Amino acid sequence: MGNGIYLIKMIKRNKENLIVGLLMTFLSFVFLLESPLHPWIGGDTRTDSGVFKAVAFMMERGYMPYRDSFDHKGPLIYILNWIGNRISAYRGVWVIEFIFMTGTFFVIYKIARLKCSVGSSVLVTLCSGSLLFEYFDGGNFVEEYAMIFIAIALYSFLDYLMNQKVTKIRLLICGAGLGATLLLRANMISVWIVFPLFIFVKMVMEKNWDTLKYLLFWFVSGMCIVIIPILIWLAVNRSLVPFWENYIVFNKIYISEQGGRASFTAKWEAYIYYLNRNVIIISLGAVAYMCTIKEKAINMVYLAYMLITLLFICLSGMMPPHYGIILVPMISYPLAALFGEIEKIEFPQVAQTFSIVLSVLFLAGIIFPNWLSRISSVPRIYENRKYEYKSGLNITVSRIVSEKTDTDDAISVYGNWDLIYVLSDRKHATRYSYQFPIGNIVPEIMEEYMEELHEEQPKIIVVEATRYDDNISDFLNNNDYQLIWSQDEANGALIYMKTTPSI
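Starting from 1, residues in each chain are numbered consecutively following that chain's sequence as written. Reporting of local features is limited, given that this is a predicted model, to residues whose pLDDT is at least 70; pairs of side-chain atoms are given and counted only at 80 or more, and all residues count toward the totals for whole chains, interfaces and linings. The basis for every side-chain value is the complete set of non-hydrogen atoms in the structure, without hydrogens or water.

**Q** Even after reading the chapter, I still don't get unusual backbone geometry, so can you show me in this structure?
**A** In terms of backbone geometry, most residues other than glycine have negative phi values and most peptide bonds are trans. Following F436, the chain continues into P437 via a peptide bond in cis, with omega recorded as 5°. When you line up the elements, P437 lands in the loop between β2 (427-428) and α21 (438-441). Of note, D137 is a non-glycine position whose phi angle comes to about 55°, a positive value. To qualify as a helix, a DSSP run of H or I must reach at least 4 residues; to qualify as a strand, a run of E must reach at least 2; elements of each kind are numbered from the N terminus. Assignment of secondary structure puts D137 in the loop between α6 (132-135) and α7 (142-163). Positioned with a positive phi, R238 is a non-glycine residue whose angle comes to about 55°. Residue position: R238 is located in the loop between α10 (209-236) and α11 (240-254).

**Q** Just to check I follow, could you spell out a nonpolar patch on the surface for this structure?
**A** A patch consists of residues whose relative accessible area exceeds 30% and which take part in no salt bridge; residues with like charges are grouped when within 9 Å of each other, and nonpolar side chains (Val, Leu, Ile, Met, Phe, Trp, Tyr) when within 5 Å. We get accessible surface area from the Shrake-Rupley algorithm with a probe of 1.4 Å; when it comes to residues, only the shown protein chains can shield them. Criterion for a salt bridge: a side-chain nitrogen of Lys or Arg within 4 Å of a carboxyl oxygen of Asp or Glu. Taken together, the side chains of L197, F200, V201, V204, M205, W209, L216 and V220 define a hydrophobic patch exposed on the protein surface, amounting to about 740 Å² of accessible area. Going through the elements one at a time, α9 (190-206) and α10 are the ones with two or more residues in the nonpolar patch. Sorting elements by how many residues they give to the nonpolar patch places α9 first, with five residues. As for its placement among the helices and strands, F200 is situated in helix α9. Any residue under 20% of the maximum accessible area for its type is buried, any over 50% is exposed, and the rest in between are partly exposed; the area is computed with a 1.4 Å probe on protein chains only. Accessibility expressed as a relative area gives 39% for F200, which makes it partly exposed.

**Q** Please clarify how the pattern of salt bridges should be interpreted in this entry.
**A** Between side chains of opposite charge, pairing is possible as soon as their charged atoms come close. Counted according to the given criterion, the structure contains 16 salt bridges. In this structure, K115 and E295 form a salt bridge, with 3.1 Å as the shortest nitrogen-oxygen distance. In this pair, K115 is assigned in the loop between α4 (93-113) and α5 (118-130) and E295 in the loop between α13 (278-290) and α14 (296-313), connecting sequence segments 180 residues apart. The class for K115 is buried, based on a relative accessible area of 13%. By relative accessible area, E295 is classed as partly exposed at 29%.

**Q** So what exactly am I meant to see when it comes to the side chain of R426 here?
**A** With respect to the element layout, R426 can be found in the loop between α20 (419-424) and β2. His residues and chain termini do not enter the charge count, which takes Lys and Arg as positive and Asp and Glu as negative. D425 is the oppositely charged side chain nearest to the buried, salt-bridge-free R426, at an N-O distance of 4.3 Å. In the analysis that follows, any N or O atom pair within 3.5 Å is treated as a polar contact, provided that within protein one partner can donate a hydrogen and the other can accept it, and provided that, for residues neighboring in sequence, both atoms belong to side chains. A distance of 2.7 Å separates the side chain of R426 from the side chain of T405, its partner in a polar contact. Leave out the neighbours within four places in its chain, and R426 touches F57, V401, S402, T405, D406, T407, D409, I411 and Y421. What makes two residues a contact is simply this: any of their non-hydrogen atoms within 4.5 Å.

**Q** Got a minute to help me understand the side chain of N17 in this structure?
**A** Looking at the element boundaries, N17 is found in helix α1 (residues 2-31). Looking at N17, its side chain comes within polar contact range of the side chain of K110, at 3.2 Å.

**Q** Would you mind showing me how to read the packing of aromatic side chains here?
**A** Aromatic ring pairs are defined here through the distance separating the ring centres and the angle between the ring planes. Between rings of Phe, Tyr and Trp, where Trp is taken as its six-membered ring, a pair exists when centres lie within 6.5 Å; planes separated by under 30 degrees are stacked, by over 60 edge-to-face, and by other angles tilted. Enumeration over the complete set of coordinates arrives at 30 aromatic pairs. Ring plane angle 65° and centroid distance 6.2 Å describe the contact between F105 and W371, whose orientation is recorded as edge-to-face. Of this pair, F105 sits in helix α4 while W371 sits in helix α17 (residues 348-376), placing them 266 residues apart in sequence. A single burial state applies to F105 and to W371, both of which are buried. Every member of this aromatic cluster is reached through a ring pair, and the members are F29, W40, W94, F98 and Y382. Just above the ring of W82 sits the side chain of R86; from NZ or CZ to the centre is 5.1 Å. Any Lys NZ or Arg CZ found within 6 Å of a ring centre and within 35 degrees of that ring's normal is scored as a charge over the ring. The lysine or arginine in question, R277, covers the ring of Y273, its NZ or CZ lying 4.5 Å from the ring centre.

**Q** What is the right way to look at the packing of helix α2 (residues 47-60) against helix α3 (residues 75-87) in this model?
**A** Here an angle of 0 to 180 degrees is reported between the N-to-C directions of two axes, which are lines fitted to C-alpha atoms, with helices fitted over the stretch in contact. Closest axis-to-axis distance for the α2/α3 pair is 8 Å, and the angle between their directions is 65°. When the axes of α2 and α3 are compared, the pair comes out roughly perpendicular. Judged by the twist between their axes, the crossing of α2 over α3 is right-handed. Residues F52, K53, V55, A56, F57, M59 and E60 of α2 pack against I77, Y78, N81, W82, N85 and R86 of α3. All amino acids are sorted into three groups, where Ala, Val, Leu, Ile, Met, Phe, Trp, Tyr, Cys and Pro are nonpolar, Asp, Glu, Lys and Arg are charged, and the leftover types, Gly among them, are polar. Within the contact of α2 with α3, the residues separate by chemical class into eight nonpolar, two polar and three charged. For this classification, under 35 degrees means roughly parallel, over 145 means roughly antiparallel, 65 to 115 means roughly perpendicular, and everything else is oblique. With the far helix as reference, a near helix turned anticlockwise by less than a right angle produces a left-handed crossing, and one turned clockwise produces a right-handed crossing.

**Q** How should the pairing of strand β4 (residues 481-486) be read in this particular structure?
**A** For a regular strand, side chains alternate in direction, first toward one face of the sheet and then toward the other. By this definition, two strands are paired if DSSP reports at least two bridges between them. Two elements, β4 and strand β5 (residues 493-498), share five bridges in a ladder whose sense is antiparallel. Among the inter-strand pairings, Y481 is bridged to a residue of β5, identified as K498. Hairpin connection, β4 to β5: the antiparallel pair is bridged by six residues.

This is the structure:
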């Protein structure tokens, strides 16, 4: 009899997971119409995404990140873009985005199911995902890929604290998620700081040494499984020291006042910027309320996690939308807890009225506008899928570069416009594919770039019109470069070609 009941539960659970998995796959496909790399779009990537694709492009040709291509994100983002290029040269990384996004939505749903019903969990997932419409910003950012690791960690920690569920596999996966996130960008790891610290203190106070050793061993093992192979790969290819200099040393300057941007005022304004969203404020209020009625320790830890996550986002003092992507999984538990409490109200009329009002507010004010707008655009985007979505400037510049150079020629783009390397299928000269803002933050970078430019004398130099300055002007005039094409608009470009062979 017991086995029969268990089998029925398993069938119901698997049926639920299958249906929900299909729904999340659909939602992910629809949402990722926001990506310029969507198979029906193929538009221009944003600046950071262009850098990641350029580094992956160089990796395809035997070059290494950090050693041969400067950038200051973790190596996993370049590996993911390299894998994407194996699928398709330009749009392949969208497949990686699609897999990660579908997984993220599904895990968010599972977090919500810890506290509320199937229907409410779907609403929570839609509500959490609605933040992405504001923060996604073209996608292919480290935050986008970190979401699934953060969501899995939240689910694992919450299920352990609420239901005492833990396995070796969960610990390995949770530790691997920390390793992966560290190799994307280190300031996104707040979930692995707050919850493990709480669990550690709890275990020490209870003198539960055996359990503590068990948890630590499998968690750290998972982390090492991800980190060690990548560090070995960097070391074998002489990129470990450049990795340290770019990812650790440079980023310390980048988020400091020395970098010219991370003042206390800038950080405070950034904190308020990311906090000042209706759904974020509702989520904070929900957790604060939960702290007063039940599971107080868990909810207080969760509140600390939310506040610290917002703090970590603001370390650089900047406010790009994509920094807020990691807030998407964060708000799932508070919203689920709120719906869960509503579902438990025993007074039918009050419960029904309150539930309807709250649902209408969520559906009309947060969920429906963005999702319905995106769903309504699907037929139009599909009908126009054969059109060219790249900008005329990018097409023209990359075409001229391709025509004026051979496949093995290196070029340099002066500014921050790495998409040109990718579209023109040309590697970058010098270690620095871009020079701004890094050259302003660390002036030695600009000096090193100019020295390498003198040594390599690339056949073509593309200059972003807004970046044309004395540095590049003097170099072009003193080294026999001729202007062969220009667009005089403020967001235009200038293309220079070397008129004498480099020695």
